[in-house]
Structures are given as C-alpha cells and as structure tokens.
Amino acid sequence: MQTPIYLDNSATTPLDPAVVDAMLPWLREQFGNPASSTHAFGHAASKAVEAARIEVARLVGAEARDIAWTSGATESNNLAIKGAAMAAQARGKHLITVQTEHKAVLDTMKWLEKQGFSVTFLAPQKNGLLDIETFRAALRPDTVLASVMLVNNEIGVIQDIAAIGAICRERGVLFHVDAAQATGKVAIDLSKLPVDIMSLTAHKTYGPKGIGALYVRRAPQVRIESQMHGGGHERGLRSGTLATHQIVGMGAAFRIAGELMATEVPQMRMMRDRFWNRIKDLPGVLLNGDMEQRIANNLNISLDILNCDSLVTTLSEIAVSSTSACSTGGVSHVLQALGSDDGIAGNSIRITVGRFNTVEQIDWAADYLRKKIEDCRAGRQQAA
Ligand SMILES: *Cc1c(COP(=O)(O)O)cnc(C)c1O
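Residues numbered from 1 in each chain as written. Predicted model: local features only at pLDDT ≥ 70, side-chain atom pairs only at ≥ 80, totals over all residues. Heavy atoms only, no water.

Caption draft 1: Highlighting the overall build of the protein chain. Of the regular secondary structure elements, the protein chain holds ten helices and twelve strands. The globule rule puts the C-alpha radius of gyration for 384 residues at 21 Å, and the 21 Å found for the protein chain is close to it. Oriented by its inertia axes, the alpha-carbon framework of the protein chain measures out at about 70 × 55 × 35 Å. Every one of the 384 residues in the protein chain was classed for burial, and the buried ones make up 57%. Once local pairs closer than 6 in sequence are excluded, the contacts in the protein chain between residues at least 24 apart make up 74%. In the form shown here, the protein chain has an accessible surface area of approximately 15600 Å², with 53% of it arising from carbon and sulfur atoms. Taking the 39 positively charged and 39 negatively charged side chains of the protein chain as two groups, their mean positions are separated by 3 Å. (Helix = DSSP H or I, 4+ residues; strand = E, 2+ residues; numbered from the N terminus. Rg over C-alpha atoms; globule rule 2.2 N^0.38 Å. Buried < 20%, exposed > 50% of the residue type's maximum accessible area, 1.4 Å probe, protein only. Contact = heavy atoms within 4.5 Å. Areas by Shrake-Rupley, 256 points an atom, 1.4 Å probe, with all protein chains shown as cover. Lys, Arg positive; Asp, Glu negative; His and termini not counted. Charge placed at Lys NZ, Arg CZ, Asp CG, Glu CD.)

Caption draft 2: Seen up close, the packing of helix 7 (residues 244-279) against helix 10 (residues 359-377). Across the interface, helix 7 lies against helix 10 with an axial gap of 9 Å and an inter-helix angle of 25°. If you check the angle between helix 7 and helix 10, you find them roughly parallel. Between helix 7 and helix 10 lies a crossing of right-handed hand. Judged by residue contacts, Met270, Met271, Arg274, Phe275, Arg278 and Ile279 of helix 7 engage Val359, Ile362, Asp363, Ala365, Ala366, Asp367, Leu369 and Arg370 from helix 10. Split by residue class, the contact of helix 7 with helix 10 holds nine nonpolar, no polar and five charged. (Axes fitted to C-alpha atoms, helices over the stretch in contact; angles between N-to-C directions. Parallel < 35°, antiparallel > 145°, perpendicular 65-115°, else oblique. Left-handed = near helix turned anticlockwise from the far one by under 90°. Nonpolar A, V, L, I, M, F, W, Y, C, P; charged D, E, K, R; others polar.)

Encoded structure:
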C-alpha cells in the first residue's frame, strides 16, 4: 500500500483531473482580462467566467446573477457577515450564530462585537445540532442577521437550514449559511430554501484553492456593503480582476459534483461505514456528532483511553486531521461546544473519505488505526 493514505478530504480535496484540464487553456493562451471589453481576449475570458457562474449557480439552485466571485469561503463569510451587518445596522445591531461555526464566521462576529454589534453565540446540543427552539428564543427585536453553517467541517453534522431559515423569514432577519463543506454532498436548492446569503468554495469539492463565491439573493434584494473597494467588479460587491482560470476550475468542479452526486454519496457512505465498522467495537472509541444528520464521508472519533493522548500524532501512514486543519493547535472548539471534556476532545481524529479513495485504502487504513489503538491500550506505544 502506498502511504500516507489521504483521508483528510474536509481539509481540502485533490483537484479532479478533468478540472485541471478545463483550467489549463486559461493559464496558457487564453490570458485575457474578463473586464477587457474592447477585444477578443477579454471577450473569451468573460464568456468563460459567465459559463462557470451558471455552473456554480446550477449546483445550488440559484440564478447566475446572484453569484459573486470571491477568493474562497473565508472571504465569502467576511463579506456576507460584515457586509450585511453594516448595511442593516440602522435597523438593529444584534447578530446570532453558533459556537461550532468555522473560525471565519466566529472571528468575523467577534470583530463586529468590537465595532459595537452584539452577538449571541448559541450552544449546540450534544449531537452537534442546533435546537430550533433555542434559536427562536435567541431572536430579539433588534436582530438583523443570523449565520448558521449547513455542514460542520469537523463533525459533518447537517443543520436544519430550512427550519432555521423559515423562522428568520417570519421575523424579518437575514439568514447567512456557510456551505463550504456541503456542495456535492448535500442537495441544495436555493430556489426553495429560505436562505439569503450563502458562502461557497471550490477546494473542498475537487476544485482549486483560492476561489469561492457568495450567493446574494436579489429577489427580494439583500443589501451587502462591499468590503473590497476598487474597480467595481461583480456589480460593485467585490472589486478585483477576476481569476479566469480559477473560476473556470470552480465551474468545472461544481458541474462534475452535480453529475456525480447521486453515485458518489452512496459510495462515500459505504467506505465511511466500512471504516467505522472495522474500529467501532474497540473500547474507548467514541463517535462525535449525530450519525444520522451527517454527511456521508465524515467520521470524527475521540479516544477515551488512558495514556493514549499522543496517539493522534503518531499516525504517520494515514493523512487525517487531529481536530481541524483550520485551527492552529489546541483543543477543538467544536468538540468543546458539544460538551466533551478537554482531555477527550484533545485526542480526536477526523477521517474524511473522498472521490479518489479506494476500498483497499479504507480497509488498510482502518486496520492500521485499529492496530495503533490496540498497541497503545496494551502499553506498546511506539514512536511513529
Ligand atoms: C474550509 C472552510 C472555510 C474556509 O474556506 P476557504 O475557501 O478555505 O477560505 C469556511 N467554512 C467552512 C465550513 C470550511 O470548511
């Protein structure tokens, strides 16, 4: 078996080879600026950008005109939350989010607190899901925006966005959803979902890093104050020369995700369950997050085993995440919010399978992890 085996597809995915092929011409001869309206170089680039916009919109059931390009979900979250909060502040300055959100949401909210906004950070239930009545009770007359992610990046749980959005609609509160981990894994239909703003990124769905999008509903019009000022690109929402090759890559990645979803999701579930079934009987192996309301490719386990707290750092043959690649060390804020004690939360592993994993890899990796855990329990903890 060639190792390390990549099982960290929620940190990032490899590019689909078809995505690379789609991108290459736009890195070579097709170098025009999509904003150049006076010649064929610009026209070709602009056409490619608009075709990609349609492909991204299609995967989430949106209109192409509601999609704006950004550099990824971090930027989309910043633009959505700061931009909507600032545009709405005359109506109120209260915001709601959840403690298990990505840092790009949490730290943006904390920054807004320093600017005079008031933020409620709701605790999820022990299974990672937000209780709808808890959410309803947090709404105030001055609440203007709520932000709840669709799929959690650490434990893979799927929040009930339709129910939360319905409450927001009823109360006239804008609703932002970070869907960075959801595309290609969960069906999204913004023509039906009561969501006003949605963050997307390419590199968790077999596209390139450094490109993302923000969906902003135009009917009824959602107001967002731009955070990047300049040439007025993307209808003034986000200035900056469009990265044609990246955008083409995201379009191709989202088109492929739409085509493969029906077969790929069951395949991932099969592999994820196969992995879990090979280790779940071990004493002290605990599953984090709800197993039903959860995407198909995610396993997140904690090891509650004496003297095995450094095990996760010795797994040299499998590429997994020990909390989240996005948080710099320390204990997972997500597992803490679920009520795990720090010792257990600090000894947790996220395993996320992907499009290019094989059943042979899954079996090998699960048996490898099983042996590591057994060795550790028996006091045979060797160095990597
Ligand atoms: C990866 C991720 C982000 C950040 O996306 P980038 O495109 O890497 O900036 C934001 N939110 C969630 C839930 C993520 O998983």
